[in-house]
Structure formats: C-alpha cells, structure tokens
Amino acid sequence: MRVLRRKEIGTNIILLICVVVAFLPIVWAFMCSFKDSVELVSRPLKFFPESFRFENYVKAWTSSNFINSIGNSLIVSVVSTAGMLLICALAGYALAKFQFKGRDALFLAVLATMMVPMQVTMVPVFGITTKLGLIDTHLGLILPLLAYPYGIFLMRQFMVSLPDALMEAARIEGCAEFGVFARIVLPLSKPVISTLGILAFLDSWNQLVWPLILTKSSNMMTVQLALKSFKSEYGMKWNLVMAATFISIIPVTLIFVLFQK
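Predicted model, so just to flag it, every value in this text is computed and none were measured.

K.L.:
Whenever I open this one, the overall build of the chain confuses me. Can you help?
P.N.:
Looking only at helices and strands, the chain features 15 helices and zero strands. Relative to the compact-globule value of 18 Å for 261 residues, the chain shows a C-alpha radius of gyration of 24 Å, a clear excess of over 25%. For the C-alpha atoms alone, the extent of the chain along its principal axes is close to 75 × 70 × 35 Å. Taken across its 261 residues, the chain has 35% of its residues classed as buried. Across the chain, contacts joining residues at least 24 apart in sequence account for 72% of those joining residues at least 6 apart.

K.L.:
Would you explain the pattern of salt bridges in this entry?
P.N.:
A side chain with one charge can pair with a side chain of the opposite charge if their charged atoms come near. The tally for this structure, following the rule as stated, stands at six salt bridges. The residue aspartate 164 makes a salt bridge to lysine 97 at a minimum N-O spacing of 2.7 Å. Residue aspartate 164 is found in helix α9 (residues 164-172), and its partner lysine 97 is found in helix α4 (residues 66-97); the two are separated by 67 residues along the sequence. Taking the relative accessible area as the measure of exposure, aspartate 164 reaches 45% and is therefore partly exposed. Among the salt bridges present, the one from glutamate 177 reaches arginine 171, with a minimum N-O distance of 2.8 Å.

K.L.:
I would appreciate a short explanation of the side chain of serine 73 in the present structure.
P.N.:
Among the structural elements, serine 73 can be located in helix α4. Non-local contacts of serine 73, meaning those with residues more than four positions away in its chain, are made with Trp205, Thr222 and Val223.

K.L.:
Looking at this structure, I do not really get the packing of aromatic side chains. What am I missing?
P.N.:
For any two aromatic rings, the description comes down to two numbers: the centre-to-centre distance and the angle of the planes. Applying the stated criterion across every chain, the model contains 13 aromatic pairs. Measuring from centroid to centroid gives 5.2 Å for phenylalanine 34 and tyrosine 57, while their planes differ by 40°, and the two rings are tilted. One end of the pair, phenylalanine 34, is in the loop between α1 (2-32) and α2 (37-41); the other, tyrosine 57, is in helix α3 (residues 55-61), with 23 residues separating them in the sequence. Plain terms: the ring middles of tyrosine 150 and phenylalanine 153 are 6.3 Å apart, the flat faces sit at 40° to each other, and that makes the pair tilted.

Thresholds applied
Residues numbered from 1 in each chain as written. Predicted model: local features only at pLDDT ≥ 70, side-chain atom pairs only at ≥ 80, totals over all residues. Heavy atoms only, no water. Helix = DSSP H or I, 4+ residues; strand = E, 2+ residues; numbered from the N terminus. Rg over C-alpha atoms; globule rule 2.2 N^0.38 Å. Buried < 20%, exposed > 50% of the residue type's maximum accessible area, 1.4 Å probe, protein only. Contact = heavy atoms within 4.5 Å. Salt bridge = Lys/Arg side-chain N within 4 Å of Asp/Glu carboxyl O. Phe/Tyr/Trp six-rings, centres within 6.5 Å; stacked < 30°, edge-to-face > 60°.

Put into structure tokens, the structure is as follows:
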C-alpha cells in the first residue's frame, strides 16, 4: 500500500508540473495585458503588474474595428457550426443505419478526404467561391466550413452503436423517417453533437488563412484578422495586443463551459 501511495504521489507531482509548465505562458500573457508598455520591458521582469490597468481592455475593445470583427466571427462560427452539425448528423445517420449500394465506398471516400490537407483544396474552393460571387461575404466564409469529413466520421461511428430496435419500433408506430431521426437519433446523440460542436466552433473561430484570402474590406474582417491588424497598428504595444487576445477567447471559453458535460 505504501508503494502504491508513493507512486500516486509521484504521478500527481509530475502531472502538477506539466500543468504549471502548460499554463505558465498563458498566465504570464494575462498578467502582461494589465501592464503598461514601459513595465513590459523593464528589468528585472516582474510577474505581477504594479497596478492592474483595466483601461487596456477598454482601449482594445474600442479600437481597430474590433467589435465588428467579433460580430463577424460570431456569425460565421455559429452559422457554420449549426449547419455542419446538421449535415454531419444526416450523413452519419445515412451511413450508419441505411443499406444502399456503394455505402461502404462512399464512407471510404469520406475518410480519404480527411487525409487531404487544406492547402490542396484551397485554390479550387476559392475559384468556386469567386464564380459564385461570394468574395468578401459571410456566406463565402461559411460555406467551405460546412464540409467536415471528420464530423461525418464521428457521427457515423457513434450512430452505429445506437440500437436498431428503437428505430424499428418508431417506424411501426407510424413515425416518418425524419421523425425517427429528429425524435430518437438526435436526442440519443447529444454527447457526440456537443463534442463535435465544440471542435467545429473552435476551428471556425480560429480560422485565419481562409478569411485572409476571401475578405477585402475591413468591415468583413474576422477576429483573427483584427488581431493581426491590431498588432500592425499598435506596433510593439504588446499589452494591448494581449488584452485583445484574451477578449477574443471569451466566446470559445463560454462554449466549452456550456457544453463540457
């Protein structure tokens, strides 16, 4: 028992050290967001600010079209996540519970697309978006995010485990196929929907390359582009850059807290 107890204590100490190493840069950046520019470069370095300057957050919030960029990111992330969840759930249900010719080949094709890097498909997707006249629009930012092969794979793997007897009983009672999907399959799939929703929202919120290519005007900038322009505007004022960065992670943190169960 003593040997096991020592091993547990040793394991906990190692895990605690890993947590400290992982979170120390984040905590340091958070403290820097409350400092002034002189304090950031003063020697010796101080972990805590001499006084917490909350005006850094006020200035970050009101500068560089930041509020509008957060609104754009919220629109793109919420709509793309909702649409992607619906499409992935329908596709996963069809691949998991329907028997049709070419089903396995279609599923293998979905898996194959997971191995293709985004840089390969970016040029043809941009060409299609240009022909559709969706440059510098919310719809142009949203549509490419709806195709999420990993989401289809995750939904399909989860729905395979759902008992067919429940769906057959609903069909016998006269429930239509979409009713079976909406009233039985979706409620039972809440865990995977929540997990996939968090991953999709995070991926959409952190998009930089695609909005950088597609958007032209400052009114269509997403939050990641705003952070980039914010840095260019204020140069080496890292306290304001850090403040803007921590403002930008609030929506993602709220999504994780709400759906963590």
